[in-house]
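# Commentary on secondary and tertiary structure
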Amino acid sequence: MSNLSDILRHQSSGLREAVQQTLAQPFTSLLTIFSIALALCLPGLLLSTLEQMQQSNISIEGERKINVFLKMDSADETIMGLVNQLTNDERIIKLEQINPDAALASLREKSEFGNTLDALTDNPLPTTLILTAATTLENPAIESLAKELESYREVDQARLDSEYLQRIAQLGKFMRTLVTIVAILFLALVCLVLMNNARLEILRRREEIEVTKLVGGTDGYIIRPFVYQALILCFIGSLLALLLISLIFSAISPALADLVSGYQSTFELKIGQKTRLYLPIITVLAAVTATWITVKSTLKNIYIQ
Amino acid sequence: MIELKHLGKRYPGGQEALLDINLSIDKGEMVFLSGHSGAGKSTLLRLLALIERPTRGKISLNDKVVSNLPSHSIPYYRRNIGMIFQDHRLLPDHTIADNVALPLRISGVDQSVIQRRVDAALDKVGLLKRSKFMPIELSTGQQQRVGIARAVVSRPSILLADEPTGNLDHELSLGIMKLFQEFNDVGVTVIIASHDQAIMDSFAKRQVELKEARLVSDSAANTEEVDV
Ligand SMILES: Nc1ncnc2c1ncn2[C@@H]1O[C@H](COP(=O)(O)OP(=O)(O)O)[C@@H](O)[C@H]1O
Ligand SMILES: [Mg+2]
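Below: a short report on this structure. (Residues numbered from 1 in each chain as written. Chains lettered and ligands numbered in written order. Predicted model: local features only at pLDDT ≥ 70, side-chain atom pairs only at ≥ 80, totals over all residues. Heavy atoms only, no water.)

### What to know about empty space enclosed by the protein
- Applying the stated criterion across every chain, the model contains 4 cavities of 30 Å³ or more.
- In this structure, the largest cavity encloses a volume near 170 Å³.
- E17(A), R205(A), E208(A), T212(A) and Y221(A) are the residues nearest the centre of the largest cavity, which is lined by 15 residues in total.
- For the lining of the largest cavity, the secondary structure elements donating two or more residues are α8 (206-214) and α9 (219-261) of chain A together with α3 (96-106) of chain B.
- Within this model, the second largest cavity holds a volume of roughly 100 Å³.
- Taken together, 13 residues make up the lining of the second largest cavity; nearest its centre are L214(A), V215(A), I81(B), G82(B) and M83(B).
- Among the elements that take part in the lining of the second largest cavity, strand β6 (residues 81-84) of chain B stands out by supplying 3 residues, more than any other. (1 Å grid on protein atoms, 1.4 Å probe; cavity = no way out; pocket = protein on both sides within 12 Å on 5 of 7 lines; lining within 4 Å. Points joined across faces, edges and corners; volume = space filled by probe spheres on them. Helix = DSSP H or I, 4+ residues; strand = E, 2+ residues; numbered from the N terminus.)

### Regarding the nonpolar core
Residue and element names in this part refer to chain B.
- Formed by 37 residues in total, the largest nonpolar core has its most connected members in V100, V118, L122, I148, L159, F180 and I192.
- Contributing elements (two or more residues each) for this core: β3 (30-34), α3, α4 (111-124), α5 (140-152), β7 (158-162), α6 (170-185), β8 (189-193) and α7 (197-201).
- The element contributing the most residues to this core is α6, with 6 residues.
- Those residues within four positions of I192 in sequence are excluded, and the remaining contacts are M30, V31, F32, L33, A161, P164, M177 and F180.
- Counting residues in hydrophobic clusters, the runner-up holds 34 residues, among them I2, L7, L23 and I74. (Core = buried A, V, L, I, M, F, W, Y, C linked by side-chain atoms within 4.5 Å. Buried < 20%, exposed > 50% of the residue type's maximum accessible area, 1.4 Å probe, protein only. Contact = heavy atoms within 4.5 Å.)

### Considerations on the site of ligand 1
All names here are of chain B.
- The environment of ligand 1 is formed by Y11, Q15, A17, H36, S37, G38, A39, G40, K41, S42 and T43.
- With respect to ligand 1, the side chain of S42 contributes an N or O atom lying 2.7 Å from an oxygen atom.
- Here ligand 1 loses 64% of its free accessible area of 560 Å² to cover by the protein chains.
- Of the residues assigned to the shell around ligand 1, the class counts are 3 nonpolar, 7 polar and 1 charged. (Near = heavy atom within 4 Å. Polar contact = N/O pair within 3.5 Å; in protein donor to acceptor, adjacent residues only side chain to side chain. Areas by Shrake-Rupley, 256 points an atom, 1.4 Å probe, with all protein chains shown as cover. Nonpolar A, V, L, I, M, F, W, Y, C, P; charged D, E, K, R; others polar.)

### A look at the interface of chain B and chain A
- Every contact between the two is made by 19 residues of chain B and, on the other side, 16 residues of chain A.
- Contact between chain B and chain A buries roughly 1700 Å² in total, counting both sides, with carbon and sulfur atoms accounting for 56%.
- On the chain B side of the interface with chain A, the three residues burying the most area are R78(B), R89(B) and I106(B), jointly 35% of the side's total.
- If you look at where chain B meets chain A, you find 2 salt bridges.
- Across the salt bridge formed by E207(A) and R89(B), the nearest N and O atoms sit 3.5 Å from each other.
- Across the contact surface, chain B and chain A share 5 residue pairs in polar contact (both at pLDDT 80 or more).
- For the side of chain B that touches chain A, the secondary structure elements donating two or more residues are α2 (74-78) and α3 of chain B. (Buried area = accessible area lost by both parts, 1.4 Å probe. Salt bridge = Lys/Arg side-chain N within 4 Å of Asp/Glu carboxyl O.)

What is shown is where atoms sit, not what they do.
Written as structure tokens, this is what we have:
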């Protein structure tokens, strides 16, 4: 008999024992699975949201825009010159010129203040150029381009249309911290539930454990079924959590679609790939470790009567 | 060979349960440990099984000191020892066959081998037909026989029995003791603690008496004739 086949046989008997224990108490097992699933929902929802935010961030980055407001008194010729110069600049791939009259007209169309605007004698709006930076430009390069534009004599202001993006980035940072904290808290909750379960189960089966020790059972033999059971319950629990999360997402995504349509974003809520992968793995690893430590230390307190 | 040298056990509460016990038991011997309740019989068996550690002296088995074995080696040491208890300690929610199979399962024996050896052990104690029963469905005497089957199923070289007939009437007790004698006949070392003098006297075997933690008489040392 090789060592490997010994190990495999011990592990498979531990696994079999764990399956039997799990099925022998279906109600308790289901309660634990649901507790785990519910505890994982919040961190899972947040993690997926974060993941989607990061992805949508990338898709928006392709269309960086700079709004260039020209000085009110700029002459048509100087504007023409600037437009020509910018059109030839390879950092800019698109240029759209909005004249004050057109801007006012469209404002009048959209606005409830149409009458108020009629009262104006002068057009208060400047000529505006909307530039789209090349996709090859990184964020800092776009910022320095905006600064450069602002230094032009005819330019009053060059504003990066990336405030939304910056807000998203800040929100992303905040979300990452939040997700980390929430994930740790709820993972700890899952571990505590399992540790408590293991303790109670050891006390309930104290007689059996004592007899097992008396006939020569090693700690490993006693511990393995507990660890495998934690593994099984957590695995099923996290799959259930993923299911619940996708149900929750599909319930809230119509409302979200309305919300983000104003931003013309591709933002969409669904379970991210990382969530799908890491949620079960991290949960199972944490649970297995916590259970192993609990059972090992609880066994130390069982003296054979 | 089991050898106890200046063996002493003082429980954490301060109770001296054994004082300076010197005893050697040959391989294949059958020995009765006699003495009143509280004399230290159970403590001696618990020390032999390394359920407790001695506070003085040492225990050796086949010239190897075992009383200081590291904890992780104890399970493997115990697999060579079959233990029988007064309250038999069967697992109530397992069948008779499962109870008997436990020592084999913990050492990872193949299922087919387990089946065969469990049947043989149950056959030996006359309970093969009850293998699918639950412990509660058997009488006390039958439960004790299951306890014996569990102790012998892994073919240990030593059997330790603590008051195995404590709850049984004379007739059933004799039957149990005869069973031990049969295992002894095939070379198993058997050590039985009992306070039932009549039962022990029914067998022409060595008797070691404990009294207030001390070994006070040994039929082998005294060459005292034992009633048959
Ligand atoms: N776990 C224990 N803790 C403290 N004292 C004990 C323990 N077990 C036994 N004793 C004491 O040790 C002495 C011997 O007990 P024991 O070995 O059980 O005797 P016997 O089996 O001969 O009746 C008794 O006085 C008993 O009270
Ligand atoms: Mg006793």
